[in-house]
Structures are given as C-alpha cells and as structure tokens.
Amino acid sequence: MSVPLNPPKRKDPLKKTRQPLFPQSTRSRTAQGLTAAAAQGRFELQKCLDCGTIIYPPRDACPKCLSARVPFAPVDNGGLVLAETTIHTSTDSYFRERMPWRAGLTKLDCGPVVLSHLHGDVREGERVRLDLKLDKGGAAVLIALPDKETPNMADDPQLREMTCDPKYRRVLITDGRGAVGQAMARSFSDAGASIVFVGLADPWKPFPGQQALSKIPRVEIVALDVTDSESVSDQAKQIGGRTDIIVNTAEHVRPGGIMQRHGLSVAREEMDIRYFGLMRLAQAFGPGMRARGADGTNSAAAFVNLLSVHALMNWPQYGAYSAAEAATLSAAQCLRAELHPGGVKVLNVFFGPLETEWYQTIPPPKVAPAALAKAVVQALQRGLEELFVGDIAEDIRARLAVNPKALERELAG
Amino acid sequence: MASDLMAFARAVAQGAIRVIDLTQTLTQEFPTIVLPPELGQCTPFRIEEVSRYDERGPAWYWNNLTLGEHTGTHFDAPIHWISGKDLPNNAVDTIEPHKFIATASVIDCSRECANDPDFALTIPFVEAWEERHGRIAAGEWVLLRTDWSKKPYPEYAGLRNDGAHTPGPTPDVVKWLVEARDVHGFGTETIGTDYGQAQHFNPPYPAHFYMHGKGRFGLQCLTNLDQLPPKGALIIAPPLKIKQGSGSPLRVLALVEWDASR
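Residues numbered from 1 in each chain as written. Chains lettered and ligands numbered in written order. Predicted model: local features only at pLDDT ≥ 70, side-chain atom pairs only at ≥ 80, totals over all residues.

1. Looking at the overall build of chain B
Here comes step 1: When its secondary structure is counted, chain B shows 6 helices and 15 strands.
Here comes step 2: Radius of gyration (C-alpha) of chain B: 19 Å, near the 18 Å computed for a compact globule of 262 residues.
Here comes step 3: Considering only C-alpha atoms, chain B reaches an extent of 65 × 55 × 40 Å along its principal axes.
Here comes step 4: The 262 residues of chain B split such that 39% are buried.
Here comes step 5: In chain B, 73% of the contacts between residues at least 6 apart in sequence involve partners at least 24 apart. (Helix = DSSP H or I, 4+ residues; strand = E, 2+ residues; numbered from the N terminus. Rg over C-alpha atoms; globule rule 2.2 N^0.38 Å. Buried ≥ 20, exposed ≤ 12 C-beta atoms within 10 Å, placed from the backbone. Contact = placed C-beta atoms within 7 Å.)

Structure follows, in structure tokens:
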C-alpha cells in the first residue's frame, strides 16, 4: 500500500517557494501520438497495419517489416515487470529534487518491452497495467500501475506528480449560482479538497440551492463576478496565492443563431461571461498559479474549462453560443501554453446539452450536472487534458474525426 | 435678473444655499434592474482601466465604461415607455434643457416603509401630507423618501420568488399626481420609480405608464432624500445628451436654503 498523503502543513513564510521544473519533454512529431492518447486517457501504441507488430518507442517505420503504415491504436495495457531500479542520483534538475525515483522494464502482453516509471506498489515479477500520463512538462510518459487497486494508490508521490488530484488542494469554483457550479462544489468536497471556494456574483439575487451550497463541507462562498475585472482581481488578491485548481463554471447558454438574434446584447453577454471571463481569470489568477506549480503537496495543479462540444463545430440552433464557446476554447489553448512553464495543466471538458433550464426543449440524451462534476474530478485524478462527457459529446468527436463537412451539414439540420 | 443670479451664486459659494448630492456612486456592485432572463437585460456598470501611469499610458489614468442607460442613479425620459413613444421632445437629447431644473416636494414615508417593503403610496396619504406641508405645485418633482437607499443590497433589491418587494405608488396616485397636480416627474430611492410588484397593477408599472404618457420624467436610485425639506428644494438633474436616449445615469443635485432650525 502507498503511504497515505498527510494534509500539507502550513507554509513556512521564511522559505522560498520552489520554482517549477519538469523532466526533459522534447518529443518527435510521431511520438506526439502518445501525447494525444495520454491527454484523453487512452492507452495507445503504434500498430503496424501490414504485419501487426506493436511498436514502442514510436518510430516512423515498422522495425519488423519496414512498413510506414504504423498508426496509433488502442492496445492491451497488461504486462509483467521484468526488472526494477531505484534511482538515487541524477543530473536532471527535476529528478534531483524528487529522489529516490523508481523505474523499471515491463514486458507488455502485446509485445514490446518498455522502460517506464513505476508506481510505489509495483514489484519486480508482478503483473501491472501500463498507463500513459502527461508528466509535469506535458510530455507523454509511461507508468506501471498495480494490476489491482491498492490502498491510497493515488497518493503515490510519483503518480501524484502526473495527476491533478483535488485531495488536499484548494479549489475555486467560479460561479455557484447554477446547478453545474453546485454539483462541482459537492464533487470536489467529496474528493477531499481542503477548501472549496465558490464564487458568487450579485449576492443580492437569491437562487435555488443557496442554502444547501453553503452547507457543503469546506465550502467558502467568495465574491466573484467574471464579468467584472475589478471583482476578479480583488478576489485574486485574497485567495490567488492559495488557489490550486480553478473550475470555471460561469456559463451563459442562450438559444439562437447569429442572424436570427435581434441585436448584439445577448452575444455581448455570452462573450463577456465566457471569453472575456476566462481572460479575466487567466490574468488575475494565472501568474500566481504558474509560480506555484511545484509548491509541495498542494501545488497549483489545474485550470478547468467547461466547454460545449459545439466549440468544435457550430450548432446553429445555439449558434451564437457555439461561437462564443469556440472563442473560449481557443483562449483555453492559449492559456495551456501560458501555464505550461508552471507545470499547471489545462483540462478542457466537452459536453453536449446539459440537464439544465436553458436546454429545456432539447430531447435527451443530456448530461446531468452531477455526472459532469464527477467526470471532471475523475479526469483531474487521472491528470487528463481533454475530456468528452456524455453520448452527444462522444458522438460529435467521432463524427468530427471521420468527416467534419458531413457533421457541419447534419448539425445545420 | 442678473443680480438675482449672482446673489444665488454667492449664496452657493458661501454655503447659505447647501448643495446636496442625491446620487449613488456608480459601482459594479450596485443592483441593476432584473428582468426575466429570456428578455433583454440592462448591461450593468463595468469599468475597465485603459492606463494608470504605466506602460499603457505613462503619465495618465483613465477608464473605459460599459453601462446601460438605466444603471445607477438615473433619469427616465418619456420615450422609455410605450405610452410616451410618440410625444414630441421625448428623449434625453430633445427635452428642453430648462426642464432639468425644477423644485421638489419630498414625501416622507420612511416610517411607514420601515417594516413594510410592500408599502404603497395612495392619494389619501399624499392629501394628508399636503395638509401638513402645503399643496404640491404644478411643475414640481415629487420625490418619495423611503430611506431605501440605506438598506443592504439584498433588502434594497427585495427579490423573492414572486418578484421584487419594494415600496412605490399605486396607479391612482400616479394618475392623480399627473392630472390633478400636473407634476414634473416622480423620483424614488428604489431601483425603479414603480412599486416592486407593479407588474400586477392595472395598468402595470403605472409610474412609467402615466408619467411618461404625459411627458413627465422619472428619477430613481436617489439617495440623501432624508436631507431634503418637504418643500423648497431645487433639483438639478440634466441627463447625458444621448441620441434618442431613453434615459441616462446622471448626477442629481439638490439646492437647499440653509435652515438653522434643522
């Protein structure tokens, strides 16, 4: 079993906060196939279409038959640990701070022998599951995990370096007025976050669930309005130095296309809440998070964007909203690059219609806020960068991969 | 006469005439009118720094603002309401400028409202007030003192699951003020000139319907009405000159002759 994580002690204000470092992260373009799989939590290696050989590390041609037809494909991740090593010294700055570090060789059932990081509960000669993770630098790496769940498994220090587990971290849910924000507060509290800050704009407007929200353990209601630059920067001055995960739940779902809408007022609200809202949060909270990416057990870890899957392809029935989501997605990609030097991940979560009032007329399947919140927590525990929640989102992703033009036509209805 | 005007200026400068600011500070936090979410909304006041002696402008500080015409302490022009839409000179840019200066009768119902957010102003209440303070003159503002401006925002907005609960006038008294008293306009401390539950009146929103229908004006989100005498204050309330504007945030000043007994 892993040694359970201790609640982090209060920081010694006389000590310097360590600057984030990360392992060597240059990868070939071909090897980014591993990054794509790791970002979404899939286990994929290259598979030769001509002779069936499973290939690792990534190559441009099959080492057995020299075929260039070697795409990434899901493969079985089971294997046996052939050898383990505990590394006590390294010239690499990142690993020097984290010694000792365990690595090992695993013979995968599907063929290759791989060198990987080893979870603390893994021993030589044991069965393991290989997992693809994004390390602190965002590079795809392999880690061998115990075949079966072990006690406190997520608390393993090597694994925790690759995840954004909310346990003992301080989370900011930016808007608690809606069902999604309230479900997030519950999920993060359940996941062991040490504080769940929940932002609230216009406290003079009552809302359903207000009482229940304030009774969730470790929830602290804070003044925050993502449409007001001063409100966001004022709150960052209060809690910015101890915000480890941000989940931006501020939303503004309204039906209507761009031609059929009468005027720009609603579109401005959409852009203000979503695109500019993200920018305000990024400017106020981003630099502090980036500086705290290696700040111990409760280091800054992740910025979560909740996005309509129609950010990826416009849905004219909610066309202006889709456009604002697309702008927000683009900003989120920029934020990912800007937070990268801190080892802080950006998790983009895509979903179809939610089980909320603004999708009242849309038939199921719809995603329940509680299901979305649970999926977000799990994605952080796994250290993902991209998550698709629900049937609609999965369907759009699949159709987009096959024929984006067909998807555009079909969504036009 | 010029001599009167100069005497007035001297009295203001020397404090014999006091200038009382009836304006709320424009802030992001101050409540703005809320309509059902599927309807168009008034954009709340927002302020974005352009530069503050920094790389964006080394020697100067300035801001860009976004706001609706009906944010903060603001003026309602007759064109704001459908009943006043066809009147001549009904927008803030076309109203004759002398109409931005007028005296006020201040009706104090703060005691009645203190524990009753649903207090409604009626004709008998105003008649009783007139018996004590004198008849409301034609061309005067009627300002409703409720001390609502002193309340914390949740109480100030008074929102419950059946709408807002804030004091205001009944349809009868508004119609009577316009027709029997020929008032200049109606001003309040609350978010609107109308009663919180005025959508259930007939006509709905009578302060808007009757006042604007007869070319009269509205002032809302006023403060410091408790510093005004019942009669004799002069109100200066010129809105921004917005092309065909339905209203505008503004600075509202009251001039009051110094009364040592107060």
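2. Description of the interface of chain A and chain B
Here comes step 1: Between chain A and chain B, the contact holds 10 residues from the first and 12 residues from the second.
Here comes step 2: Top element by residues in the side of chain A that touches chain B is helix 6 (residues 229-239) of chain A. It accounts for 3 residues.
Here comes step 3: Partitioned by chemical class, the residues of the side of chain A that touches chain B number 3 nonpolar, 4 polar and 3 charged. (Nonpolar A, V, L, I, M, F, W, Y, C, P; charged D, E, K, R; others polar.)

3. Observations regarding the domain arrangement of chain A
Residues and elements named next belong to chain A.
Here comes step 1: Along its sequence, chain A is carved into domain 1 (32-158) and domain 2 (170-412).
Here comes step 2: Residue-level contacts link 9 residues of domain 1 with 8 residues of domain 2.
Here comes step 3: Across the side of domain 1 that touches domain 2, the residue classes tally to 3 nonpolar, 4 polar and 2 charged. (Domains from an automatic or database assignment.)

4. Focus: the confidence of the model for chain B
Here comes step 1: Residue-level pLDDT values for chain B average 96, and 98% of them are 70 or greater.
Here comes step 2: Predicted complex metrics record ipTM = 0.93 and pTM = 0.96. (pLDDT = per-residue confidence, 0-100.)

5. Examining the sheet that holds strand 12 (residues 245-248) of chain A
All names here are of chain A.
Here comes step 1: Spatially, 11-10-9-12-13-14-15 is the arrangement adopted by the 7 strands of the open sheet, whose pairing is parallel. Each of the sheet's edge strands pairs with one partner strand only, and the pair in question is strand 11 (219-223) and strand 15 (386-389). Direction aside, the axes of adjacent strands within the sheet are offset by 20 degrees on average.
Here comes step 2: Where strand 12 lies against strand 13 (residues 302-308), 4 bridges are found, and the strand directions are parallel. When the bridges of strand 13 are listed, Val247 appears paired with Val304. (Pairing = 2+ DSSP bridges. Axes fitted to C-alpha atoms, helices over the stretch in contact; angles between N-to-C directions.)

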